[in-house]
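Examining the three-dimensional arrangement
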Amino acid sequence: MPLRNAPLLRARNPLAKAACVAAVSAWASTRSSDSGRSAARPLLHVAVDPGSLPSDATGALFGDIYTAVSWPLLLGTCALGWLTRPMSNAKVPRGFHEFQFRYLIVWCLAITADWLQGPYVYELYASYGWSKVDIAKLFVAGFGSSMLTGTFIGSVADAWGRKSCAILYCILYALACVTKHFNLYWILMLGRLLGGAATSLLFSTFECWMVGEHKRCGFPDELLRYMFGLMFFVQYLAAIGAGLLAQFAASSLPLTHLGASTWYGGPTTPFDVSLAFLLIAIPTISFLWQENYGDPGEGGCDGVVQIASSFKAGCQSLSSDWRVPLLGLVVAAFESSMYVFVFNWTPALDSASIAPPHGLIFSGFMMACMCGSSLFSLLDASVQPIKVLWPVCLAAAIALACVATSLWTGASEEWVFGGFLAFEACVGAYFPCVSTVKSQIVPEETRAGVYNVYRVPLNLCVVLLLLADLELQTSFTVCTCCSSSQRSRLR
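Residues numbered from 1 in each chain as written. Predicted model: local features only at pLDDT ≥ 70, side-chain atom pairs only at ≥ 80, totals over all residues. Heavy atoms only, no water.

For the chain, the name recorded in an unreviewed UniProt entry is Molybdate-anion transporter, with Effrenium voratum as its organism. According to the UniProt record, the Function (unreviewed entry) comment for the chain reads "Mediates high-affinity intracellular uptake of the rare oligo-element molybdenum." Recorded in UniProt for the chain, the comment headed Subcellular location (unreviewed entry) runs: "Cell membrane". (UniProt positions renumbered as here; feature names shortened; annotations may be inferred.)

Structural data, given as C-alpha cells:
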C-alpha cells in the first residue's frame, strides 16, 4: 500500500500525522525488510530452508500479524494514556514551564537513546554468529555492571555534579554504541560493561537533577509529583516511538561486512540512531542545565560508609516485620522472570521462514506495558494495592504458562506473542503497584538499605537463570513457577 494512500495520514493534528507516518513507515519496512535482509543473514541464528519458504500470500499474512495487533493496541494505548495523563491543579509559578521544558527535552533524548538499543541487541549478537551461551554472558555482564555501579553511582553524582554525570552517561553509552560494529567478543563485552554503567547513571542522575533543580527553584511539592508523572509518561511514549524508529532503521540497510571484524547496517543501525540522540543530548545538557550537587559529604569515602551502614540497617529490618522479607521474595521472583523475558523474547519469536519485525514487536510490548500501568492508575483509591498485586502476579504466571505451553507444543508464534503482550501488561501494572506496597511496608528510615538487600536474591536468580543455558520452554516454565509462587505468598 503506498504511503500516500494510507487513510490515517489525513489526520489534521500534526503530532498525530507524524505518529501515523512513523507507524506506517515501520509497517512498510516489515514488508520490504525480508529481501533487504536476506544478504545480511548468513550468520543468523536461524537457518532458512529455501524449500520451506511460504508463498507470497502466506508471507504477507505472517507479516501482517504483528501489524494487525499493533493498530488496535495503539488505539487502546492512546485512549488509556489520555485518561491517565498527568494533571495538576496547583498554581504554576513563574519559571516552572521553562524548567519543565529544560528537563523533559533532555530526558526525552536520553531515554529514547536507551530504548532504541532494546529491540535489536540479541538479534545483533546472534547475527554475528555467537551462541546463546555467549550472548547470555554478555547480558549478565551488562546486568552485573549496572548492579555494581548502581550501589555507588548516586553518591558519585552527588559529589561530581548531576549535570556532569548526565554528560558522562551520554559519553559512556555512545562508546557502547560504537562497539556494536565490531564482531569481536571482548569488544562486545566492553560495550556491555559501558552500557550497564551508563544505565545506572540514566536512572539515578537525571531524576536527581530534576528533584534538586525543582527544590532550588522553590517550586511546590505537588508540582514535583506532577513532574514525576510527566517523566514516566514521556518514558513510555519514547519507548513506543523508539521501537518503530529502530524497526525502520534496521530495515533501511542490510548487515554488511566492511572489513576485518567491522560491520554496518542491519541490526547495527538502531545503535547508530541511538548514538545520534546521545550526541545531540550532550550540547543540549550543556546549554540548558545548571550544575547541582547533593548534600556535602555524600560522595567519596563517606558515600561508601553510608552504603555499608545502609545495607546493614536493611538486613536488620528484615527481622522487624515478616512482610518485609516476604515482599523481597516476591520482587525477586517477578523481576527475575522479567529479566529472563528480556533475554529470551527474541529467540522465542524466531521463525525459520521470516525474520520477525523486532522493532514493531518491541513497540507492541511497550504499548501493552503502558496499558497495564494506565489500568492500575484508573483503579479507585480505596482499593488496597496488596489486593491488586497478587492478581497481577497470577495473570503474569498464566501469560508465561501460555508461552511455555506454546513452545512445548510447537504452536505458532502468534500464541507466544499474545502471551508476551499479556505479560508486559502485567509488568506495567506491577511496578506502580509494588512501589506503593513497598512504601507501606518498608520502614522509611531503612528504605534504601532494604531495597539494596532486595537486589541480592534478584541478581542471584537472574544470573543463575541466564547462565544455566536452559531450553526456551524450560526457561519460561521456571519463570511461570516463580510468578505463580508469589500468589500463595501474597494471599
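**Notes on the overall build of the chain**
Across its full length, the chain carries 17 helices and 2 strands. When the 491 residues of the chain are sorted by exposure, 51% land in the buried category. Within the chain, contacts between residues at least 6 apart in sequence are counted, and of these 85% link residues at least 24 apart. Accessible surface for the chain amounts to roughly 21900 Å². Of this, 66% is attributable to carbon and sulfur atoms. (Helix = DSSP H or I, 4+ residues; strand = E, 2+ residues; numbered from the N terminus. Buried < 20%, exposed > 50% of the residue type's maximum accessible area, 1.4 Å probe, protein only. Contact = heavy atoms within 4.5 Å. Areas by Shrake-Rupley, 256 points an atom, 1.4 Å probe, with all protein chains shown as cover.)

**Description of the environment of Q247**
As for its position among the elements, Q247 is in helix α9 (residues 221–252). A polar atom in the side chain of Q247 sits 3.1 Å from the side chain of Y120. (Polar contact = N/O pair within 3.5 Å; in protein donor to acceptor, adjacent residues only side chain to side chain.)

**Remarks on the packing of aromatic side chains**
Scanning the model with the defined rule gives 31 aromatic pairs in all. Considering the side-chain rings of W345 and F365, the 5.3 Å spacing of their centres and the 90 degrees angle between planes classify their relative orientation as edge-to-face. With a gap of 20 residues between them, W345 in helix α12 (residues 323–348) and F365 in helix α13 (residues 358–377) connect regions that are remote in the sequence. The exposure classification of W345 matches that of F365, with both residues buried. (Phe/Tyr/Trp six-rings, centres within 6.5 Å; stacked < 30°, edge-to-face > 60°.)

**Things to note about a nonpolar patch on the surface**
The grouping of W82, L83, L375 and L378 at the surface amounts to a nonpolar patch, some 460 Å² of accessible area in total. Locating L83 in the fold gives a position in helix α2 (residues 56–83). (Patch = residues over 30% accessible without salt bridge, like charges linked within 9 Å, V, L, I, M, F, W, Y side chains within 5 Å. Salt bridge = Lys/Arg side-chain N within 4 Å of Asp/Glu carboxyl O.)

**Side note on the state of the cysteines**
According to the stated counting rule, one finds 0 disulfides in the structure shown. With no disulfide of its own, C208 lies 9.8 Å from the sulfur of C165, the closest cysteine sulfur. Considering cysteine sulfurs only, C433 is the nearest to C393, which forms no disulfide, with 7.9 Å between them. Residue C393 is classed as buried on the basis of its relative accessible area of 0%. (Disulfide = S-S within 2.5 Å.)

**Concerning the pairing of strand β1 (residues 256–259)**
Examined bridge by bridge, β1 and strand β2 (residues 262–264) share 3 bridges and lie antiparallel to one another. When the bridges of β2 are listed, T256 appears paired with Y264. Here β1 hands over to β2 after 2 residues, with A260 in that stretch at a positive phi of 55 degrees. (Pairing = 2+ DSSP bridges.)

**With respect to the pattern of salt bridges**
Across all of its chains, the model carries 3 salt bridges by this definition. In this structure, E213 engages R102 in a salt bridge whose closest nitrogen and oxygen atoms are separated by 3.5 Å. Residue E213 is located in helix α8 (residues 185–216), and its partner R102 is located in helix α3 (residues 96–115); the two are separated by 111 residues in the primary sequence. Neither residue differs from the other here; E213 and R102 are each classed as buried. Residue D158 is joined to R162 by a salt bridge in which the shortest nitrogen-to-oxygen separation is 2.8 Å. Of the two residues, D158 and R162, neither departs from the other in class, the shared state being buried. A network of salt bridges, in which partner residues are shared, links R102, E213 and R216.

**Notes on the environment of L467**
Residue position: L467 is located in helix α16 (residues 447–467). The spacing of L467 and K132 is 335 residues in sequence and 9.5 Å in space, taken between C-alpha atoms. Once you skip the residues sitting within four places of it in the chain, L467 turns out to touch A136, K137 and V140.

**As for the packing of helix α5 (residues 132–150) against α12**
When two helices pack together, their arrangement is given by the angle between their axes and by how far apart the axes lie. At a minimum axis distance of 11 Å, the contact between α5 and α12 shows a crossing angle of 135 degrees. Here α5 is positioned oblique relative to α12, judged by the angle of their axes. Every pair of crossing elements has a handedness; the one defined by α5 and α12 is right-handed. Between α5, through K132, I135, A136, F139 and F143, and α12, the contact on the second element is made entirely by Y339, V342, F343 and N344. (Axes fitted to C-alpha atoms, helices over the stretch in contact; angles between N-to-C directions. Parallel < 35°, antiparallel > 145°, perpendicular 65-115°, else oblique. Left-handed = near helix turned anticlockwise from the far one by under 90°.)

**Things to note about helix α14 (residues 385–409)**
Its 25 residues place the ends of α14 36 Å apart at the C-alpha level, agreeing with the 36 Å of an ideal helix rising 1.5 Å per residue. Positive phi appears at G410, one or two residues downstream of α14, with a value of about 75 degrees. (Expected span 1.5 Å × (residues − 1).)

**A look at the side chain of Q117**
By the secondary structure assignment, Q117 is in the loop between α3 and α4 (121–127). For Q117, a relative accessible area of 8% gives the class buried. Within the structure, Q117 has its side chain in polar contact with the backbone oxygen of A113 (distance 3.4 Å). Every residue in contact with Q117, bar those within four places of it in the chain, is listed here: Y173, C177, F271 and S274.

**Focus on the environment of R162**
Among the structural elements, R162 can be located in helix α7 (residues 162–179). Distance in space between the C-alpha atoms of R162 and C208 is 7.1 Å, their sequence separation being 46 residues. Beyond its immediate stretch of four places on either side in the chain, R162 contacts A157, T205, C208, W209, G212, E291, N292, Y293 and G294. There is a polar contact of 2.8 Å between the side chain of R162 and the side chain of D158.

**Here we look at unusual backbone geometry**
Even without being glycine, A260 reaches a positive phi, approximately 55 degrees. As for its position among the elements, A260 is in the loop between β1 and β2. Look at A260 and you get exposed, because its relative accessible area is 74%.

**Notes on the nonpolar core**
The biggest cluster of nonpolar side chains holds 131 residues, and the ones touching the most others in it are Y103, Y169, F206, F365 and F420. The element best represented in this core is α9, accounting for 15 residues. Setting aside anything within four residues of it in sequence, one finds F420 in contact with F341, W345, A348, L349, F365, V403 and F476. (Core = buried A, V, L, I, M, F, W, Y, C linked by side-chain atoms within 4.5 Å.)

**Here's the deal with the confidence of the model for the chain**
Of all residues in the chain, 78% have pLDDT values of 70 or greater, and the mean over the chain is 81. Mean pLDDT values over the elements of the chain span from 42, in helix α1 (residues 14–37), up to 97, in helix α10 (residues 269–288). Note on residues 1–63: pLDDT under 50 across the span, and 75 contacts to partners over four residues away in sequence or across chains. Confidence drops under pLDDT 50 across residues 297–301; counting only partners more than four residues distant or on other chains, this segment forms 8 contacts. (pLDDT = per-residue confidence, 0-100.)

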